[in-house]
Amino acid sequence: MSFQPIVPLGGLAGWEFLKRTREHQENSFTASPRMSRLTRGFAQDFAKLRSAEDLVGNRQALDVVLGAYGLQADLENRAFIKKVITDGATDPRALSNRLADKRYNALARDMAHLAPGGTGQAPQDLAEQLLGRFRTMAFEVAVGDSNESMRLGLAFERKLPEIAAASQSDAAQWFSVLGDLPTRRVIETALGLPKEFASLDIEEQAERLRAAARKRFGTDTMTELAKPEMIAQITQRFLLMEQVKASQTGMSGAAIALSLLSRAG
């Protein structure tokens, strides 16, 4: 039986518990039979892959690779994943560059050696990097099975510094936030943006996000927002907003039930 991370409470109390116990829980999760089975021998198997066809034909290796990018839901979409990799990431017309979710672009870039014209040889240490990311992402997913908001908080803590560290303009970094679904969800919720926000033009979304961040957090610079104290502030506000939303949903359900009971009486 696999180890299931424990999140006994929601909101900030649950978040503090998870932060205190994360190292122990993550170690136990990584050592569980399922994780050991998936990761055993991955480095050796990955080194033998020479093409995208080889990768999608090796289910165990594909499970780890996709999991490293949070794309485990595409495990059965092998033709799609093969297309993402074979198209590469340099041509603007490539599939990964036309998808809003930039995790596919990261996959295509890292698997460039498996694309047509590639070397067929994985860069040094890529297998170990994938294993590390897979373990982290798998733990986040397992936490999400208990509490989705906690999963998003963990993903946000991991991803925002990566976006801030990328050699991009500030505007491009905000587009990266919009292209990463967990990061986007945390930022939008923390800033209290309405559902209609997603229907705006992408440039207007980026500008609205920056303006809202300046107003709420005093800065729209990604390097400032990615500092540990600011990440903690954003995450706490996200969790509070999620808690309020859940409370309102519960109250609405209770109010409906009470109304029905009153009518029945």
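Treat the numbers as computed from the prediction; the structure is a model and nothing was measured.

Cut-offs and rules
- Each chain carries its own residue numbering, running from 1 in the written order of its sequence.
- Thresholds applied to this predicted model are a pLDDT of at least 70 for local features of residues and 80 or more for the giving and counting of side-chain atom pairs; totals over whole chains, interfaces and linings are not thresholded and use all residues.
- Computation of side-chain values: all heavy atoms of the structure, hydrogens and water removed.
- Numbering of helices and strands starts at the N terminus; helices are DSSP runs of H or I of at least 4 residues and strands are runs of E of at least 2.
- Exposure is judged per residue with a 1.4 Å probe applied to protein chains only, and the accessible area is read against the type maximum: over 50% gives exposed, under 20% gives buried, and values in between give partly exposed.
- Throughout, a contact is declared for two residues whenever any of their heavy atoms are within 4.5 Å.
- Exposure was quantified through the Shrake-Rupley algorithm and a 1.4 Å probe, taking into account, for residues, occlusion by the shown protein chains and nothing else.
- Axis definition: a line fit to C-alpha positions, over the contact stretch in the case of helices; interaxial angles, taken between N-to-C directions, run 0 to 180 degrees.
- Here the word oblique covers every angle except those under 35 degrees (roughly parallel), over 145 (roughly antiparallel) and from 65 to 115 (roughly perpendicular).
- Asp, Glu, Lys and Arg are counted as charged, while Ala, Val, Leu, Ile, Met, Phe, Trp, Tyr, Cys and Pro are counted as nonpolar; the rest, among them Gly, fall into the polar class.

Peer 1: Quick rundown of the overall build of the chain? Include the residues and the values.
Peer 2: Check the secondary structure of the chain and you find 15 helices and zero strands. If one aligns the C-alpha atoms of the chain with their principal axes, the spans along those axes are about 70 × 45 × 40 Å. Within the span of the chain, comprising 265 residues, buried residues form 42% of the whole. The long-range share in the chain, meaning contacts at least 24 apart out of those at least 6 apart in sequence, stands at 59%. Accessible surface for the chain amounts to roughly 13900 Å². Of this, 54% is attributable to carbon and sulfur atoms.

Peer 1: I'd like a rundown of unusual backbone geometry, residues and numbers included.
Peer 2: Even without being a glycine, Asp 125 presents a positive backbone phi close to 75°. Along the chain, Asp 125 falls in the loop between helix H8 (103–110) and helix H9 (126–146). Accessibility expressed as a relative area gives 48% for Asp 125, which makes it partly exposed.

Peer 1: If you had to explain the packing of helix H11 (residues 170–179) against helix H12 (residues 181–190) to someone new, which residues and values would you point to?
Peer 2: One can describe the packing of H11 onto H12 by two numbers: an axis separation of 5 Å at closest approach and a directional angle of 100°. Here H11 is positioned roughly perpendicular relative to H12, judged by the angle of their axes. Residues Val 177, Leu 178 and Gly 179 of H11 touch H12, and the partners they reach there are Leu 181, Thr 183, Arg 184 and Ile 187. Looking at the contact of H11 with H12, its residues break down into four nonpolar, two polar and one charged.

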